[in-house]
Amino acid sequence: MKFRKRETDTKVDIQMSAMIDIVFQLLIFFLLTLKIIPPEGDFNINMPIGAVANANDDIPPMDLKVKLEANPDGTLKQLYFGSRALGNDFPFCFERLNQDIAAIAGGQQGYSDDLEVELDPDYGLHYRYIVKAISACRGRIQGDQQVTYIEKIKFAPVDRPE
Amino acid sequence: MKIKHAKPTIVEADMTPMIDMTFQLIAFFMIVTNFEQTQADERVKLPADKLARPPKVARENDIVLNVGFDRNELGQKISQEPGIFYGDQPIPIRDYFPRLKDEYTLAAKQFGEAEARKRTIVIRADGDVPTGLIQELIKLGQEAGFEKFALKAKSDDEAG
């Protein structure tokens, strides 16, 4: 009986070019669609219409008023906490506001629900100052953790200039 | 004299490291690419604050309003009148009420009044926008029926 000669090992060539084409197309797609956007956070504001959110509470929240006066060009003219003027040296005046809020709210761990801040900005004040004011009232960063002073922040009724 | 003929040889480049690297690059870009912030408008120069942190639980069905100035490619203001970017053209803030009302009516039909009220209006406003206009926008939102509002800011504090 005649035996066939043993077949030699054959090398299987995988067609790579199609895969490489697709991979490069994917790479170019992701390169072009990549937008480097810094992470964004937000400040929540609860403003039900009529502002009667605490009508059922026995003790109304203690109202703290922060007033922000503006120059004609929209920059900060004067920052007030209650009737106390805190200056206009941005950003240090907001640090003073933060310290004042901490003195009232910071000591009452867990009781910041009883406090509410009303922001009363001038109409033309630039929005960036309001973000700073909200941040100063909301709390501070300690290490990596956020220490919250006051959660409830609202706006005073808008006073539109004639 | 006998001349040796060299056999033509096919040089095969080793593609394996290149493919490895390319896959790693693709994986990197897939992870880094953020498809969630597609509602953000690049013309809005957000103020920055350390305390602005992304919400722990991602909100669903929120309405993002980009409030800012029309800017050129260099980021300079073309117009001094801020508006809400809806498509290409900014819409004056005081003219935006019908759209907010439509949003509320649509949400109320789809999910019910209670759920519609819970939808958050996320305001992405430029740092130079007058605060009074933001207050007016919030008031328009209230009149349309919404109760929850969120003000966006960049999470870092380097820009001041």
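Residues numbered from 1 in each chain as written. Chains lettered and ligands numbered in written order. Predicted model: local features only at pLDDT ≥ 70, side-chain atom pairs only at ≥ 80, totals over all residues.

Looking at the overall build of chain B
Heads up, the condition is: Secondary structure elements are defined from DSSP: runs of H or I of at least 4 residues count as helices, runs of E of at least 2 residues count as strands, and each element is numbered from the N terminus. With C-beta atoms placed from the backbone, a residue counts as buried when 20 or more other C-beta atoms lie within 10 Å of its own, as exposed when 12 or fewer do, and as partly exposed for counts between those limits. A pair of residues counts as a contact when their C-beta atoms, built from backbone coordinates, are separated by no more than 7 Å.
Scanning chain B from terminus to terminus reveals four helices and five strands. When the helices and strands of chain B are read in sequence order from the N terminus, they spell out α-β-β-β-α-α-β-α-β. Residues classed as buried in chain B amount to 31% of the 160 residues present. Contacts spanning at least 24 positions in sequence make up 73% of the contacts within chain B whose residues lie at least 6 apart.

Remarks on the UniProt feature "transmembrane region" (unreviewed entry) in chain A
The cut-off we apply is this: UniProt positions are given in the numbering used here, feature names are shortened, and annotations may be inferred rather than shown by experiment.
In the UniProt entry, the feature "transmembrane region" (unreviewed entry) is given for residues 12–34 of chain A. The span residues 12–34 of chain A is 74% helix and 0% strand, and its two end C-alpha atoms sit 38 Å from each other.

A look at unusual backbone geometry
Across the junction of A:F90 and A:P91, the peptide omega takes the value 5°, indicating a cis bond. You can see A:P91 is positioned in the loop between β4 (84–87) and α2 (92–106).

Concerning the interface of chain A and chain B
Keep this limit in mind: The residue classification treats Ala, Val, Leu, Ile, Met, Phe, Trp, Tyr, Cys and Pro as nonpolar and Asp, Glu, Lys and Arg as charged. All others, Gly included, are polar.
Contacts between the two partners involve 44 residues from chain A, matched on the other side by 48 residues from chain B. Breaking the side of chain A that touches chain B down by element, the ones donating at least two residues are α1 (17–33), β1 (40–46), α3 (127–138) and β6 (139–142) of chain A. In terms of residue class, the side of chain A that touches chain B is built from 28 nonpolar, 10 polar and six charged.

What about the nonpolar core?
Applied cut-off: We call a set of buried Ala, Val, Leu, Ile, Met, Phe, Trp, Tyr and Cys residues a nonpolar core when their C-beta atoms link them within 7 Å.
Of all hydrophobic cores here, the largest spans 61 residues; its most connected members are A:L97, A:A133, A:C137, B:V67 and B:I123. For this core, the element with the most residues is α3(A), which contributes eight residues. When neighbours within four sequence positions are excluded, A:C137 is seen to be in contact with A:V66, A:I101, A:V117, A:Y149, A:I150 and A:I153.

Observations regarding the packing of helix α2 (residues 97–111) of chain B against helix α4 (residues 131–144) of chain B
Residues and elements named next belong to chain B. Quick note on the threshold: Geometry is summarised by axes, namely lines fitted to C-alpha atoms with helices restricted to the contacting stretch, and by angles between N-to-C directions that run from 0 to 180 degrees. Note on angle classes: values under 35 degrees are labelled roughly parallel, values over 145 roughly antiparallel, values of 65 to 115 roughly perpendicular, and the remainder oblique. Handedness of a crossing is defined here by the sense of rotation of the near helix relative to the far one, left-handed for an anticlockwise turn of less than a right angle and right-handed for a clockwise turn.
Here α2 crosses α4 at 40°, and the two axes come no closer than 9 Å. One way to sum up the angle between α2 and α4 is to call them oblique. α4 is crossed by α2, and the crossing has right-handed handedness. Seen from α2, the contacting residues are F97, L100, K101 and Y104; seen from α4, they are L140, G141, E143 and A144. Residues of the contact of α2 with α4, tallied by class, amount to five nonpolar, one polar and two charged.

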